[in-house]
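As a plain string of letters, each chain reads:
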Amino acid sequence: MKVLKQTPTKLTIKTASAWEGLLLISPFILIGLLQIILASNWIGGGIFLLFSLSLLDGAIDETYIFDKTFSKMTIKRRGAWLHDVTECSTHEISAVELEEVRDSEGNRSYYVDLWMFGGDLLCLRSYSLTEQHKMADLIRIYLD
């Protein structure tokens, strides 16, 4: 998580960039291409490339913009096959909470939940509990 802008009227938070995810999976892409080109191993190289592409789908860059001037929150999600923008009024946010979710294997994911007065829920993600605490505190302070 990175705070891009923090002024009295605007708060902009960005999660890990998609480029960082691409750097992490680039060895798999390279291995797949080398297997195809140098070893003429189309099956093995293809498996590495498909695996790389499936990981690339999870490399999503999220930006959260809170703007007091216009009383709105904007969530921008960008990835290899994704470009999504969601907007809502900051006056609709009733609570900011931390959530820990565990899967069947015991792995943990952390989310900052923005509860809306109508009962809707927006989940903002990050990769560590420390980042989530910091993000939740920044949003709470900003909205108060």
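Look a little higher up for the structure.
All of the points below concern the structure found in this document. (Residues numbered from 1 in each chain as written. Predicted model: local features only at pLDDT ≥ 70, side-chain atom pairs only at ≥ 80, totals over all residues. Heavy atoms only, no water.)

### Some thoughts on the pairing of strand β3 (residues 61–67)
Moving residue by residue along a regular strand, the side chains alternate between the two faces of the sheet.
Part 1: Burial of β3 is extensive: 7 of the 7 residues sit out of reach of the surface.
Part 2: Covered by surrounding structure in β3 are Asp61, Thr63, Ile65 and Asp67 together with Glu62, Tyr64 and Phe66, the residues of both alternating faces.
Part 3: Bridging between strand β2 (residues 10–14) and β3 involves 5 bridges; their strand directions are antiparallel. Note on β3: the bridge partner recorded for Leu11 is Phe66.
Part 4: In terms of strand pairing, β3 meets strand β4 (residues 72–78) through 7 bridges, oriented antiparallel. Bridging across to β4, Thr63 finds its partner in Lys76.
Part 5: Between β3 and β4, which pair antiparallel and follow one another directly, the connecting turn spans 4 residues, one of which, Ser71, has a positive phi of 50°. (Buried < 20%, exposed > 50% of the residue type's maximum accessible area, 1.4 Å probe, protein only. Helix = DSSP H or I, 4+ residues; strand = E, 2+ residues; numbered from the N terminus. Pairing = 2+ DSSP bridges.)

### What to know about the packing of aromatic side chains
Part 1: On inspection of all chains with the given rule, the structure shows 1 aromatic pair.
Part 2: The residue whose ring lies beneath Lys68 is Tyr142, and the NZ or CZ to ring-centre distance is 4.7 Å. (Phe/Tyr/Trp six-rings, centres within 6.5 Å; stacked < 30°, edge-to-face > 60°. Lys NZ or Arg CZ within 6 Å of the ring centre and 35° of its normal.)

### Quick word on the nonpolar core
Part 1: Core analysis: the largest hydrophobic core is formed by 19 residues, its most contacted members being Phe66, Met73, Val112, Leu114, Leu124 and Ile139.
Part 2: Looking at this core, the elements with two or more residues in it are β2, β3, β4, β6 (93–102), β7 (108–116), β8 (121–126) and α3 (129–143).
Part 3: The biggest single contributor to this core is α3, with 5 residues. (Core = buried A, V, L, I, M, F, W, Y, C linked by side-chain atoms within 4.5 Å.)

### Here we look at unusual backbone geometry
Part 1: Its identity as a non-glycine residue notwithstanding, Ser71 has a phi of 50°, on the positive side.
Part 2: Relative to the helices and strands, Ser71 is located in the loop between β3 and β4.
Part 3: Its relative accessible area of 21% is what places Ser71 among the partly exposed residues.

### What about the pairing of strand β1 (residues 2–6)?
Part 1: In terms of strand pairing, β1 meets β2 through 4 bridges, oriented antiparallel. When the sheet's bridge partners are listed, Lys5 is paired in β2 with Thr12.
Part 2: In sequence, β1 turns back onto β2 through a hairpin of 3 residues.

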